[in-house]
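Notes for the structure review
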2 protein chains.
Amino acid sequence: MSADPATPPLGGLLEQPPSVVTAGVELFESTLRDQGVDVIAVDWRPPADDVAAELAAVAADPRTEAANRTALEHITSAEPRWTGITSAHDATGIERGQFLHAGPPITWERASGPLRGALIAAMLYEGMAETPEEAERIGERGELELSPCHEHASVGPMAGVVSPSMPMFVVENGAFGNTAHCTLNEGLGKVLRYGAYAPEVIERLRWMDQVLGPALNAGVRQLGSMDLRAIIQQAMQMGDELHNRNRAASALFVREIVPPLLEAGLEGSDLADVVRFINGNDHFFLNLGMPAAKSALDPARDLPGSSVVVAMARNGTDFGIQVSGTGDRWFTGPAAVPDGLYLGDYGADDANPDIGDSTITETGGLGGFVMAAAPAIVRFVGGQASDALDATRSMYSIAVGEHPHYQIPILEFRGSPVGIDVTRVARTGTVPAVNTGIAGKVAGTGQVGAGLVTPPIEVFVDAVRALADLAEAPAT
Amino acid sequence: MSADPATPPLGGLLEQPPSVVTAGVELFESTLRDQGVDVIAVDWRPPADDVAAELAAVAADPRTEAANRTALEHITSAEPRWTGITSAHDATGIERGQFLHAGPPITWERASGPLRGALIAAMLYEGMAETPEEAERIGERGELELSPCHEHASVGPMAGVVSPSMPMFVVENGAFGNTAHCTLNEGLGKVLRYGAYAPEVIERLRWMDQVLGPALNAGVRQLGSMDLRAIIQQAMQMGDELHNRNRAASALFVREIVPPLLEAGLEGSDLADVVRFINGNDHFFLNLGMPAAKSALDPARDLPGSSVVVAMARNGTDFGIQVSGTGDRWFTGPAAVPDGLYLGDYGADDANPDIGDSTITETGGLGGFVMAAAPAIVRFVGGQASDALDATRSMYSIAVGEHPHYQIPILEFRGSPVGIDVTRVARTGTVPAVNTGIAGKVAGTGQVGAGLVTPPIEVFVDAVRALADLAEAPAT
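Residues numbered from 1 in each chain as written. Chains lettered and ligands numbered in written order. Predicted model: local features only at pLDDT ≥ 70, side-chain atom pairs only at ≥ 80, totals over all residues. Heavy atoms only, no water.

Moving on, we get to the overall build of chain A. Of the regular secondary structure elements, chain A holds 15 helices and 17 strands. Here chain A, with 476 residues, has 59% of them falling under the buried criterion. Sequence-distant contacts in chain A: of pairs separated by 6 or more residues, those separated by 24 or more amount to 71%. If you sum the accessible surface of chain A, you get close to 18,200 Å²; carbon and sulfur atoms cover 51% of it. (Helix = DSSP H or I, 4+ residues; strand = E, 2+ residues; numbered from the N terminus. Buried < 20%, exposed > 50% of the residue type's maximum accessible area, 1.4 Å probe, protein only. Contact = heavy atoms within 4.5 Å. Areas by Shrake-Rupley, 256 points an atom, 1.4 Å probe, with all protein chains shown as cover.)

The structure is reproduced here in structure tokens:
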């Protein structure tokens with residue numbers, strides 16, 4: 001190809017505004033965009049060369065395909081129902097001095113501000129300490145026993161701290177008979193799960209134990225049980241993605257629980273307080289959606305050869321995953337700070353790294369995986385409705401299947417992408433899309449924002465390596 | 001252009017599957033599609049040649065542009081609030097023997113089955129007749145006085161029959177001080193508004209008068225008032241289009257009314273019945289959304305020169321519209337049978353022509369105009385989510401503006417198309433998209449389905465002619 005003789009070589013290139021092709025490095029892309037440069041972002045990442053052999057070994061494992069199919073069937077055939085409320089002690093067996101927390105295992109020493117704050121709140125609530133300072137010293141002396149919620153058939157949003165006398169939702173998976181548990185949602189602002197421990201936080205926890213829990217338990221006993229799959233299904237047709245947006249699900253919950261609450265013969269003023277409390281919190285249903293997902297995922301555990309993720313969870317320091325074919329082992333990496341919008345005067349400097357078990361929603365094909373059902377969510381990060389569609393579409397590339405019950409209206413009722421396959425994540429470089437709340441990094445602060453977060457790809461790659469170690473060779 | 005000498009003339013044409021371009025005639029298009037033919041539908045209609053002079057006269061009227069701007073401002077600045085429940089007599093001034101109905105004026109003789117059935121139900125309810133036969137004779141003897149709801153600051157879904165002792169919602173437009181009224185929604189199945197008059201229908205109406213109405217009135221008094229604009233706004237982000245889908249709005253309504261109901265000191269079992277009744281009906285909010293739209297549109301009436309539609313309504317025989325610049329005059333044409341899905345064994349042969357004032361939602365920029373917010377709706381007619389987007393997009397071409405409060409998430413929160421301009425309808429041939437329920441044509445049947453309906457274009461053309469007659473000539 002020869003240059004036009006009338007134009008010096010490359011002379012035409014800079015006469016027009018530059019158009020730049022970027023690949024992978026988003027900060028570069030957004031900086032260019034901020035400068036008004038036309039940017040074409042290409043979804044390209046370096047090939048997973050360093051795990052090519054391990055990917056091949058897993059692909060050749062004769063058990064993998066069937067095991068992943070079984071995992072998908074187990075996850076999608078779940079019938080999660082809310083059946084009661086019980087104490088954390090009865091639900092999980094924890095005793096005084098024992099505490100559950102979100103994410104993979106961690107010690108007080110490595111715990112971030114909000115997790116320490118939530119543990120302080122729980123110690124005050126349990127009467128183990130009179131002051132936050134005293135509680136902190138108990139923590140520092142190592143006089144409390146920490147264990148992940150996930151290892152006790154439970155999940156906890158944000159810090160996810162559970163102590164023995166807290167009331168918990170009991171969710172039963174009718175298809176498999178297993179149960180999952182979660183504490184009750186405390187509402188917004190200064191709350192334990194975001195690491196706050198002010199007197200109002202403890203007072204609210206006591207009211208939840210003495211009034212809210214018994215009322216809801218009476219309601220659900222009257223009702224028999226509540227079909228959570230049906231609520232999630234409807235809420236997805238009503239703009240919820242069931243992680244950062246639970247407005248429809250919470251409204252449907254109120255609608256269903258009020259008549260039995262009325263018939264359960266509770267005191268009128270308590271009942272009004274209970275309904276007002278639930279109404280004041282568009283995330284009330286999150287603490288039912290999470291154990292619903294947990295109850296669906298647990299039956300997909302321990303399938304030899306399966307590369308399907310059965311838990312993604314963060315403790316505020318580490319992001320961890322568990323994979324069906326590798327048992328209870330956690331694969332962990334550093335938790336990132338979410339990219340989002342901040343409340344009031346808070347900013348990114350106030351943000352703690354990613355925290356909470358609420359990524360169980362994404363693990364179960366909800367949350368970031370069904371953003372297309374909830375375009376309002378992308379406003380949290382200044383995005384557009386089309387970004388929500390793109391996010392969901394890209395999740396199909398790392399999922400083993402589609403959820404027959406959880407459908408996305410705008411995608412012609414296509415089932416949600418479900419069953420994260422670590423081999424697909426490692427091969428494509430596409431990590432799960434995760435929506436999340438943002439906790440303040442200083443203990444006692446509370447929520448500072450909400451947004452999106454990028455899981456560390458190395459945890460998926462490490463899981464592939466572990467699967468490869470366990471892989472059976474194909475029959476020859 | 002010469003034919004390829006190697007091919008006989010037209011020889012290549014039929015070697016490939018035919019691809020047909022259709023224009024306007026949908027039945028032809030769908031028949032071809034059913035035969036697997038590739039059809040390119042073009043949105044082309046004959047130009048409105050026969051009203052070209054009238055369109056020019058209205059366009060030249062120096063008042064029209066400003067009047068339409070004022071109409072839009074009045075409609076979109078409305079602040080509809082539910083403030084109470086009162087009897088139809090107190091709300092509208094009707095006395096024993098007087099009945100309101102949906103749509104433009106009509107007589108018993110011309111009334112369709114469901115309208116007659118609803119009038120029979122109302123006569124039984126008011127104690128004017130002991131049996132349906134006796135009521136029918138009263139109708140035939142012309143011993144009842146009929147008047148459109150719209151002429152009494154009211155709207156009624158389907159048959160829209162209102163008798164003096166029925167309870168009605170009172171909706172106040174805070175921005176203009178006007179009020180609008182609507183009866184309470186009876187639920188699904190055999191109900192007066194669909195023309196049923198069995199004993200269960202009358203019994204339910206009595207319970208609504210004696211229990212439901214007083215309870216809701218006590219609740220709203222306790223609350224002060226309920227912001228309907230806020231509910232509609234939220235519901236549009238939750239998959240409702242506020243005509244054929246009111247699930248989110250009804251859930252939000254329950255959420256908001258239950259705490260004040262609890263505090264109003266009602267009997268517990270009545271309260272449970274009330275909540276169960278509302279919960280059992282995803283369309284409960286329709287009867288609040290309709291007067292909300294009516295209260296917003298009435299202040300746009302009587303603006304000289306304005307070509308904006310202030311009411312679209314059907315009485316089961318005629319489809320009628322009223323236009324701001326032509327006062328209280330109705331422009332009417334034949335009501336079409338909706339195209340939809342039928343309940344149980346019912347089919348198109350059982351369907352009554354289009355009926356009800358619920359097209360006030362479309363007139364106010366909701367319903368069919370915001371189908372893009374409610375893709376689940378198109379399943380009623382076997383359509384796809386993309387059809388919902390297309391329906392809304394095409395409504396912008398006949399609307400004078402966009403509603404700043406009613407936004408459509410998937411269209412990047414664009415305001416809903418609002419303010420139907422009869423000149424744009426006549427010029428483009430695009431008629432308003434209308435969602436609707438379908439009543440059985442035999443009196444006493446009830447609902448037989450739900451779907452979409454096409455308004456007769458001649459009513460818009462007639463309105464253009466009337467505006468042209470009234471048009472001022474431009475200053476010379």
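What follows covers the relation of the copies chain B and chain A. Turning chain B through 180° and shifting it by 0.0 Å along the axis lays it on chain A, with an RMSD of 0.0 Å. The operation mapping one copy onto its partner corresponds to a two-fold rotation axis. Ranked by how close their C-alpha atoms come to the rotation axis, the residues of chain B are headed by B:Met238, at 1.9 Å. Here 97% of the interface residues in chain B have copies in chain A that are interface residues too; the copies meet face to matching face. (Least-squares fit on C-alpha atoms with pLDDT ≥ 70 in both.)

On to unusual backbone geometry. Phi is positive for A:Asp302, which is not a glycine, with a value near 60°. Structurally, the position occupied by A:Asp302 is in the loop between α11 (286-297) and β9 (309-315). Of note, the phi angle at B:Leu242 is positive, near 70°, even though the residue is not glycine. Within the secondary structure, B:Leu242 is located in the loop between α8 (228-235) and α9 (247-263).

Residues and elements named next belong to chain A. With domains assigned, chain A is organised as domain 1 (15-42), domain 2 (51-74 + 301-470) and domain 3 (78-293). The C-alpha-based centres of domain 2 and domain 3 are spaced at 22 Å. On the side of domain 3, 45 residues touch domain 2, which itself brings 52 residues to the contact. For the interface between domain 2 and domain 3, the tally reads 1 salt bridge. Asp318 is paired through a salt bridge with Arg110; the nearest N and O atoms lie 2.7 Å apart. Between domain 2 and domain 3 we count 20 residue pairs in polar contact (both at pLDDT 80 or more) in total. For the side of domain 2 that touches domain 3, the elements supplying multiple residues, two or more each, are β9, β10 (318-323), β13 (355-356), α12 (360-363), β14 (399-408), β16 (434-439) and β17 (447-453). The residue inventory of the side of domain 2 that touches domain 3, partitioned by class, reads 21 nonpolar, 25 polar and 6 charged. (Domains from an automatic or database assignment. Salt bridge = Lys/Arg side-chain N within 4 Å of Asp/Glu carboxyl O. Polar contact = N/O pair within 3.5 Å; in protein donor to acceptor, adjacent residues only side chain to side chain. Nonpolar A, V, L, I, M, F, W, Y, C, P; charged D, E, K, R; others polar.)

The next subject is the packing of aromatic side chains. All names here are of chain A. Taken as a whole and assessed by the stated rule, the structure comprises 10 aromatic pairs over all chains. Between Trp82 and Phe169, the aromatic rings sit 5.4 Å apart at their centres with planes inclined by 90°, giving edge-to-face as the arrangement. Taken together, the residues span a long stretch of sequence, with Trp82 in strand β3 (residues 80-87) and Phe169 in strand β6 (residues 167-173) at a distance of 87 residues. Residue Trp82 is classed as buried on the basis of its relative accessible area of 0%. Among the aromatic residues, those joined into a cluster by ring pairs are Trp82, Phe169, Phe253 and Phe284. The ring of Tyr396 carries Arg414 above its face, with NZ or CZ at 3.4 Å from the centroid. (Phe/Tyr/Trp six-rings, centres within 6.5 Å; stacked < 30°, edge-to-face > 60°. Lys NZ or Arg CZ within 6 Å of the ring centre and 35° of its normal.)

Moving on to the sheet that holds strand β12 (residues 339-342) of chain B. Residue and element names in this part refer to chain B. One open sheet holds the 3 strands; their spatial order is β12-β17-β16, and the pairing between them is antiparallel. Looking at the sheet topology across the chains shown, the edges are occupied by β12 and β16 (434-439). Averaged over all adjacent pairs, the angle separating strand axes in this sheet is 25°, with direction ignored. Where β16 lies against strand β17 (residues 447-453), 6 bridges are found, and the strand directions are antiparallel. Across the sheet, the residue bridging to Thr436 is Gly451, located in β17. (Pairing = 2+ DSSP bridges. Axes fitted to C-alpha atoms, helices over the stretch in contact; angles between N-to-C directions.)

The next subject is a negative patch on the surface. Residue and element names in this part refer to chain A. On the surface, Glu109, Glu133, Glu136 and Glu140 cluster together into a negatively charged patch. Relative to the assigned elements, Glu136 resides in helix α6 (residues 132-140). Judged by its relative accessible area of 31%, Glu136 falls in the partly exposed class. (Patch = residues over 30% accessible without salt bridge, like charges linked within 9 Å, V, L, I, M, F, W, Y side chains within 5 Å. Lys, Arg positive; Asp, Glu negative; His and termini not counted. Charge placed at Lys NZ, Arg CZ, Asp CG, Glu CD.)

Attention now moves to the pattern of salt bridges. Residue and element names in this part refer to chain A. Under the definition given, this model contains 42 salt bridges over all chains. With its nearest N and O atoms 3.9 Å apart, the salt bridge here joins Arg81 to Asp227. Residue Arg81 is located in strand β3, and its partner Asp227 is located in strand β8 (residues 226-227); the two are separated by 146 residues in the primary sequence. The exposure class of Asp227 is partly exposed, given its relative accessible area of 26%. Taking the shortest distance from any N to any O, the salt bridge between Asp421 and Arg424 comes out at 3.3 Å.

Turning to the nonpolar core, a few remarks are in order. Within the largest apolar cluster, 162 residues are counted, with the highest numbers of intra-cluster contacts made by A:Trp82, A:Leu216, A:Phe253, B:Trp82, B:Leu216 and B:Phe253. If we skip the residues at most four places from it in the chain, B:Phe253 touches B:Trp82, B:Leu216, B:Met226, B:Ile231, B:Ile278, B:Phe284, B:Phe285 and B:Leu288. In this structure, A:Phe319, A:Ala335, A:Val431 and A:Leu467 belong to the second largest nonpolar core, which totals 29 residues. (Core = buried A, V, L, I, M, F, W, Y, C linked by side-chain atoms within 4.5 Å.)

Before going further, it helps to spend a moment on the packing of helix α8 (residues 228-235) of chain A against helix α9 (residues 247-263) of chain A. Residue and element names in this part refer to chain A. The N-to-C vectors of α8 and α9 enclose an angle of 135°; their axes lie 9 Å apart at closest approach. Relative to α9, the element α8 lies oblique. Handedness of the α8/α9 crossing: right-handed. Where α8 abuts α9, its residues Ile231, Gln234 and Ala235 lie against Ala248, Ala249, Leu252, Phe253 and Glu256. Looking at the contact of α8 with α9 residue by residue, the class counts come to 6 nonpolar, 1 polar and 1 charged. (Parallel < 35°, antiparallel > 145°, perpendicular 65-115°, else oblique. Left-handed = near helix turned anticlockwise from the far one by under 90°.)

Attention shifts here to helix α6 (residues 132-140) of chain B. Residues and elements named next belong to chain B. If you check which residues of α6 are buried, you get Ala135, Ile138 and Gly139. An end-on view of α6 places all buried positions within 100° of arc, on one side of the element. Here the buried face of α6 lies against α5 (113-125). Of the residues trailing α6, Gly142 is marked for its positive phi of about 70°. (Arc of directions from axis to C-beta.)

Taken together, the 36 residues of chain B in the interface contact 36 residues of chain A. A per-residue breakdown of the area chain B buries against chain A is headed by B:Met238, B:Arg255 and B:Leu262, which together make up 22% of the total. Connecting chain B to chain A are 4 salt bridges. Note that A:Arg255 is salt-bridged to B:Asp282, the shortest N-O span being 2.9 Å. Joining chain B to chain A, the criterion identifies 14 residue pairs in polar contact (both at pLDDT 80 or more). Within the residue set of the side of chain B that touches chain A, elements represented by two or more residues are α9, α10 (268-279) and α13 (385-395) of chain B. Class assignment of the residues belonging to the side of chain B that touches chain A gives a composition of 19 nonpolar, 8 polar and 9 charged. (Buried area = accessible area lost by both parts, 1.4 Å probe.)

Residues and elements named next belong to chain B. If you trace the 4 strands from one edge of the open sheet to the other, you get β7-β6-β3-β8, paired in antiparallel fashion. On the outer flanks of this sheet lie β7 (179-183) and β8 (226-227), each paired with one strand and no other. For strand β6 (residues 167-173) and β7, the ladder comprises 5 bridges, and the chain directions are antiparallel. Note that in β7 the partner of Val171 across the bridge is Ala180. Across the sheet, helix α7 (residues 199-223) touches β3 (80-87), β6 and β8, and the angle it forms with β3 is around 140°. Contacts between helix α11 (residues 286-297) and the sheet are confined to β3, β6 and β7, with β6 contributing the most and set at about 40° to the helix.

Turning next to the confidence of the model for chain A. Residue and element names in this part refer to chain A. Overall, the predicted model of chain A reaches an average pLDDT of 90, with 89% of residues at or above 70. For the stretch residues 1-44, pLDDT sits under 50, and the model shows 29 contacts to residues farther than four places along the chain or on other chains. Among the scores for the predicted complex, ipTM is 0.82 and pTM is 0.86. (pLDDT = per-residue confidence, 0-100.)

Take the pairing of strand β15 (residues 414-420) of chain B next. Residues and elements named next belong to chain B. Among the 7 residues that make up β15, 6 are buried, leaving the element largely enclosed by the rest of the structure. As defined by bridge partners, strand β14 (residues 399-408) adjoins β15 across 6 bridges and the pair is classed as antiparallel. Considered in β15, the bridge of Ala399 is made with Ile420.

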